[in-house]
2 protein chains.
Amino acid sequence: MTEDIHPLLLCGGSGTRLWPLSRKSYPKQFTKLTGEESLFQASARRLSGDGYAAPTIITGSDYRFVVTEQLAGVEIAAGATLIEPEGRNTAPAILAGALDLQARAPGALMLVAPSDHVIPDAQAFRDAVQAAVPAARAGQLVTFGIRPDRAETGYGWLRLSAAPEADFTPVPQPLKGFVEKPDAETAEALLADGMHLWNAGIFLFSTEAILAAFETYQPAMLAAVRRAHAAAERDLHFLRLDPEAWAACESESIDYAVMEKADNLTVVPYGGAWSDLGGWDAVWRESGPDVAGIVTSGPATAIDCADTLLRAEDSQQALVGIGLSDVIAVAMPDAVLVAHRSRAQDVKKAVEALKARGMKQAETLPRDYRPWGWFESLATGGRFQVKRIHVHPGAALSLQSHHHRSEHWIVVEGTAKVTIDDAVKLISENESVYIPLGAVHRMENPGKVPMVLIEVQTGSYLGEDDIIRYEDVYARGQGAKG
Amino acid sequence: MTEDIHPLLLCGGSGTRLWPLSRKSYPKQFTKLTGEESLFQASARRLSGDGYAAPTIITGSDYRFVVTEQLAGVEIAAGATLIEPEGRNTAPAILAGALDLQARAPGALMLVAPSDHVIPDAQAFRDAVQAAVPAARAGQLVTFGIRPDRAETGYGWLRLSAAPEADFTPVPQPLKGFVEKPDAETAEALLADGMHLWNAGIFLFSTEAILAAFETYQPAMLAAVRRAHAAAERDLHFLRLDPEAWAACESESIDYAVMEKADNLTVVPYGGAWSDLGGWDAVWRESGPDVAGIVTSGPATAIDCADTLLRAEDSQQALVGIGLSDVIAVAMPDAVLVAHRSRAQDVKKAVEALKARGMKQAETLPRDYRPWGWFESLATGGRFQVKRIHVHPGAALSLQSHHHRSEHWIVVEGTAKVTIDDAVKLISENESVYIPLGAVHRMENPGKVPMVLIEVQTGSYLGEDDIIRYEDVYARGQGAKG
């Protein structure tokens, strides 16, 4: 009988290097960067099925409903969903996951995996995980080493005790040490000697082994995270770690906090394809450039280009490149990035520049995801705003009222159940209803298909925070986003 | 007493080199490329006021209401607006303008001007025109020669009889000849010898002189255009040249058809700034690059760029360039161009590529201009469409009905007068009305300020051609755009 492995999916990150597609409001791991499902969904599916227990998720508060919705989309139920009050790098997140799992399944084997990596061959990866089980069960902290195919300076490297098998069979061996992100010359040497692999930040260990390591090397962090977990509050099916205790915890990577200090380290080589999609240059590389080095997606057209990535993210927006070499262009209706390919790691500067200018495109997408569905603004004027609102089957917005605006709702797909003060009625496609200023109202989708509604707001103030909530199935507070 | 000069503004062109800003549905001359007014408006204002008669306009049918609206915007009334059934290059257009003016003001002096050029110093230009009057009155065909500042291969050049004054005082002299667009080496020689100027396609002559020249050199063209003008139909305040006669006319430039053959040619040097904005490289040059060669407009940000044009045409769309050299990027919500600066003349290839893919962005803008105002689509779904409709004060849409859709109208600015079958009512801001499928309806703006309305259409077919017209103040037919 094989023992179930418990995945811990880290998905609290909000990286900016894939702006404008990845934004703080909806970061990389939730986007469909490379296929029909998001990186997070692909990660969850890779570590599901026979031999895997329900995953533990750790994420930020803003992403909790996205996590729920995306897991539902791939029909995976989380074992637990922890909410970090704020990002503290990987060590506290992994520790919180280990404490939570230890309480539910003492001594379980936990597989820690970032949720924003691409690993196309799921079976090969699961085989490598299986190969690591005996060492993990024996108390080792097992890390996975990726076969390098270039002298990459953007990753840490792992030093082997012995050369891996020629065919990269995943045979565990003692890990000799960590190499921090090298300079170009060092990276060439690491690649050439065949005794170094990339550190992908993927680990397998028992909860006992990792908790013992924290006990030895990070007793203060262990104490803080223990407090944050003990004082955690349940919110629907989420577990909110205690903000005060969490704030006392240092922000640290698992490598620096524990791994580089521990002496019970094992590495399992992994020879399959892997990418962290750490920038648009990586996306270009992983997307399979043609012989001229061109990658296009969406309605993008390359004319006389070379070594160029042209991504049109919206089916209604055309992107044309002419005579470009080594250029990355990513077009969205509200934001466009054009960068030299060698400058992919500077995309975060774009985000900083837009934040400095106070532009919302720095951090938020036009589409705003909520527990009940999503909405986007179609047009705004001095005293009006038009929104498209998409409500999932069975979902309901909060019972609410506004001080400063009235609303016209026109249903264009599906059927809405609408409450206005004491009246409840069903509104079908091509029917409309008017919500006077001050009226207490709610919108629900009682049907089995999505309901789409056009909302025309008029009033002197149209901010999302003009909302008084009376009831909310998603337990959100006054003035919070609706 | 000075004699009035009659401008003939050529604005039928639909050039593609400034795509995506300039499109067939709304070409360059009507766009605000460089300032608060369009190039056409600036051209009309430059040739108005003391000493100038009301301009004659020649344009395409699709642009007739744009011309009307833009002239109204600068408070200029056209003397006549001729409509070319199709573009036949400059010779037939100038000839049609001359015939029309000869009928209204026999022997008048006509100044022929493209409407898509930039000439910042209007007074200096008018001084040059005044300097040309005696020669034109004496029967000369006067052309204006632009002082060259680079060895441009994209223009034709004019050969002088004598070097111009050092300060480029506009002293007329006999024109020795035309030089067709030269190669780079020839252009260097033309620039160096000081005896050549750029041919801007601007002319002054009497109607009698130009008609005599056509009689001599292009009798067939004269006969065809005479027929097209004689059989022209009046349509509101427009004069539609006869399509059949026009179709018989050869497509030819005025230079090739007449000027290069004539022997009564005078040239007036013009030393002021001028540009035909014949591509994005010219727009970059004319927009005043900073010391790093950077030009930005709208919410565009350049990070570590050089010799680069970044234009964000919409205030709601951010554009960021990082590490770019010699790049042109023009972002619009529905289309983005990124080109190497040396390939500015190949932008027409983008348009061809999009046409080949059947993409509407090749030729049409999201905003659709009509005689009564404009509309744009905000969202489309399987069975719905949302539009923002902007109606000018005093304007009215046609009385119409639809076979396949019903419409919800919500007024968000101003007041609408709405006719539905036999009922007429006023709808104010924050009020709505429903137009059932099949109902005969009309929307008007009876007010003094623009009326803005959100229209939500639902139905099985939502094409613009599902329209039955009963009455139209703009004399448009069944199924024609509304």
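Residues numbered from 1 in each chain as written. Chains lettered and ligands numbered in written order. Predicted model: local features only at pLDDT ≥ 70, side-chain atom pairs only at ≥ 80, totals over all residues. Heavy atoms only, no water.

## As for the overall build of chain A
Convention followed: Each helix is a run of DSSP H or I of at least 4 residues and each strand a run of E of at least 2, with the numbering of both proceeding from the N terminus. Only protein chains enter the area calculation, which uses a 1.4 Å probe; residues under 20% of their type maximum are buried, those over 50% are exposed, and those in between are partly exposed. Whether two residues are in contact is decided by their heavy atoms: any pair within 4.5 Å suffices.
Looking only at helices and strands, chain A features eleven helices and 28 strands. Expressed along its principal axes, the backbone C-alpha trace of chain A runs to roughly 75 × 60 × 40 Å. A buried classification covers 57% of the 482 residues belonging to chain A. Of the contacts made within chain A by residues no fewer than 6 positions apart, 68% connect residues no fewer than 24 positions apart.

## Some thoughts on the side chain of His408(B)
Heads up, the condition is: Nitrogen and oxygen atoms within 3.5 Å of one another constitute a polar contact, given that in protein one can donate a hydrogen and the other can accept it, and given that sequence-neighbouring residues count only through two side-chain atoms.
Along the chain, His408(B) turns up in strand β22 (residues 405-413). Within the local environment of His408(B), its side chain forms a polar contact with the backbone oxygen of Asn430(A), the two atoms lying 3.0 Å apart.

## With respect to the interface of chain B and chain A
Short version of the rule: When two parts are put together, the accessible area they lose, computed with a 1.4 Å probe and summed over both, is reported as buried area. Salt bridges are identified by distance alone: a Lys or Arg side-chain nitrogen within 4 Å of an Asp or Glu carboxyl oxygen. The classification used treats Ala, Val, Leu, Ile, Met, Phe, Trp, Tyr, Cys and Pro as nonpolar, Asp, Glu, Lys and Arg as charged, and all other residues, Gly among them, as polar. A pair of strands counts as paired when DSSP detects no fewer than two bridges linking them.
Taken together, the contact between chain B and chain A spans 60 residues of the former and 60 residues of the latter. When chain B packs against chain A, the two sides together hide about 4,600 Å² of surface, and 59% of this comes from carbon and sulfur. At the junction of chain B with chain A, the criterion picks out six salt bridges. The salt bridge partner of Arg343(B) is Asp304(A), with a shortest N-O separation of 2.3 Å. At the junction of chain B with chain A, the criterion picks out 36 residue pairs in polar contact (both at pLDDT 80 or more). No other element matches strand β17 (residues 335-340) of chain B, which puts six residues into the side of chain B that touches chain A. Classifying every residue of the side of chain B that touches chain A gives 33 nonpolar, 15 polar and twelve charged. Here strand β15 (residues 318-322) of chain A runs beside β17(B); their pairing, made up of five bridges, is parallel. Bridge pairing in β17(B) links Val320(A) to Leu337(B).

## Some remarks on the sheet that holds β15(A)
For clarity, the threshold we go by: Angular values range over 0 to 180 degrees, each being the angle between N-to-C directions of two axes fitted as lines to C-alpha atoms, with helices fitted over their stretch in contact.
Pairing within the open sheet is mixed, and its six strands lie in the order β13(A)-β15(A)-β17(B)-β16(B)-β14(B)-β12(B). Each end of this open sheet is capped by a strand with a single partner; those strands are β13 (300-303) of chain A together with β12 (294-297) of chain B. Each strand of the sheet is rotated relative to its neighbour by a mean of 5°, with strand direction disregarded.

## Considerations on the relation of the copies chain B and chain A
Basically, it comes down to this: Least-squares superposition of the copies uses the C-alpha atoms of those residues scoring a pLDDT of at least 70 in each of them.
Of the transformation superimposing chain B on chain A, the axial component is 0.0 Å and the angular component is 180°, with the fit at an RMSD of 0.0 Å. Such a turn and shift between the copies fits a two-fold axis. If distances are taken from each C-alpha of chain B to the rotation axis, the shortest is found for Pro333(B), at 2.4 Å. The share of interface residues of chain B whose copies in chain A are also at the interface is 100%, consistent with both copies meeting through the same surface.

## A few points about the UniProt feature "domain: Nucleotidyl transferase" (unreviewed entry) in chain A
Selection criterion: UniProt positions are given in the numbering used here, feature names are shortened, and annotations may be inferred rather than shown by experiment.
As annotated in UniProt, the feature "domain: Nucleotidyl transferase" (unreviewed entry) corresponds to residues 7-286 of chain A in the numbering used here. In this annotation, residues 7-286 of chain A is assigned 36% helix and 21% strand; the end-to-end C-alpha distance for the span is 25 Å.

## Looking at the pattern of salt bridges
Residues and elements named next belong to chain B. Within the structure shown, the criterion is met by 42 salt bridges over all chains. Here Arg341 makes a salt bridge to Asp326, at a shortest N to O gap of 2.8 Å. Placement of the pair is Arg341 in the loop between β17 and α11 (347-356) and Asp326 in the loop between β15 (318-322) and β16 (327-332), with a sequence separation of 15 residues. Between Lys355 and Glu363 there is a salt bridge, and its shortest N-O distance comes to 3.1 Å.

## Description of the UniProt feature "domain: MannoseP isomerase/GMP-like beta-helix" (unreviewed entry) in chain A
Feature annotation in UniProt places "domain: MannoseP isomerase/GMP-like beta-helix" (unreviewed entry) on residues 302-354 of chain A, given in this structure's numbering. Each end of residues 302-354 of chain A is marked by a C-alpha atom, and these two atoms are 28 Å apart; helix forms 15% of the span and strand 45%.

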